[in-house]
Amino acid sequence: MPVVESLICKESDGKLSFGNYILGTKSKVEDFAHEGDVYKVKTFKEITKLERNSAFVYESVPGSAVMEFETTPNLTTFNIYGFGDTQITIGLEEDTEYEVYVDDVSIGGMKTNLSGKLIFSVELSENGSKVLIKKR
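Just so it is clear, the structure is predicted and the values come from calculations on it, not from any experiment.

Undergrad: What am I meant to see in the side chain of Ser60 here?
TA: Locating Ser60 in the fold gives a position in strand E6 (residues 55–61). In this structure Ser60 touches Glu46, Ile47, Thr48, Thr86, Gln87 and Ile88, once residues within four positions along its chain are discounted.

Undergrad: Teacher, can you tell me more about the sheet that holds strand E12 (residues 117–124) here?
TA: Picture the strands of a sheet paired through backbone hydrogen bonds; they go either parallel or antiparallel. Pairing is antiparallel across the open sheet formed by six strands, whose spatial order is E3-E4-E5-E6-E9-E12. The open sheet has two edge strands with one neighbour each: strand E3 (27–34) and E12. Taken pair by pair, the neighbouring strands of this sheet meet at an average axis angle of 15°, ignoring direction. The pairing of E3 with strand E4 (residues 37–44) spans six bridges and is antiparallel. When the bridges of E4 are listed, His34 appears paired with Asp37.

Undergrad: Explanation requested: the packing of aromatic side chains in the structure shown.
TA: By convention here, two paired aromatic rings are described through the distance between centres and the angle between planes. What the rule picks out here adds up to five aromatic pairs. Pairing Phe18 with Tyr58 gives two aromatic rings, centres 5.2 Å apart and planes at 75°, and the pair type is edge-to-face. Note that Phe18 is positioned in strand E2 (residues 16–18) and Tyr58 in strand E6, a separation of 40 residues in sequence. Between Phe18 and Phe69, the aromatic rings sit 5.7 Å apart at their centres with planes inclined by 75°, giving edge-to-face as the arrangement. Here the residue Phe18 occupies a position in strand E2, and Phe69 occupies one in strand E7 (residues 65–71), the gap between them amounting to 51 residues. In this structure Phe18 comes out as buried when scored by relative accessible area, which is 0%. You can call Phe69 buried: its relative accessible area is 6%.

Definitions and limits used
What you see as residue numbers is a count from 1 along each chain, following the sequence as written. Local features are withheld for residues below a pLDDT of 70 in this predicted model, meaning they are given only at 70 or higher, and side-chain atom pairs are given and counted only at 80 or more; totals for whole chains, interfaces and linings count all residues. The side-chain figures draw on all heavy atoms in the structure; neither hydrogens nor water molecules are used. Numbered from the N terminus, helices here are DSSP runs of H or I no shorter than four residues, and strands are runs of E no shorter than two. Whether two residues are in contact is decided by their heavy atoms: any pair within 4.5 Å suffices. Criterion used throughout: strands pair if DSSP finds at least two bridges between them. Fitting a line to C-alpha atoms yields each axis, with helices limited to the stretch in contact; the angle taken between N-to-C directions then spans 0 to 180 degrees. Two aromatic rings, drawn from Phe, Tyr or Trp (for Trp, its six-membered ring), form a pair once their centres lie within 6.5 Å of each other, and the interplanar angle then sorts them: stacked below 30 degrees, edge-to-face above 60, tilted otherwise. Only protein chains enter the accessibility calculation, which uses a 1.4 Å probe; a residue is then buried when its area is under 20% of its type maximum, exposed when over 50%, and partly exposed in between.

Take a look at the structure:
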């Protein structure tokens, strides 16, 4: 059952891992420094949320554990673990089209709204899923 015990950490390859979907009470870590940015994570069984420099980055309902999270201007990738049908919201470039892949299968092209949020759902398990979001 993958979770991030410290709630957020930097992996040896420089990617971030965060979230703990088995916590019964809300927990958070603020002021986590990583590559010149400051992150804040809030997580427990009902929600996991990540902010960078006070701006929205990621949210899942219910909570999740995200491993090897990496985002560039054209690509966002991560592995996600949790339970059941999970809604994921990612903060990206506003009014832009992306192709979303879950476990190497396209779930379709999607367009962000005017605030840059991309919303999709995945069926999660403790085995996890690999998510790739590619700018079109």
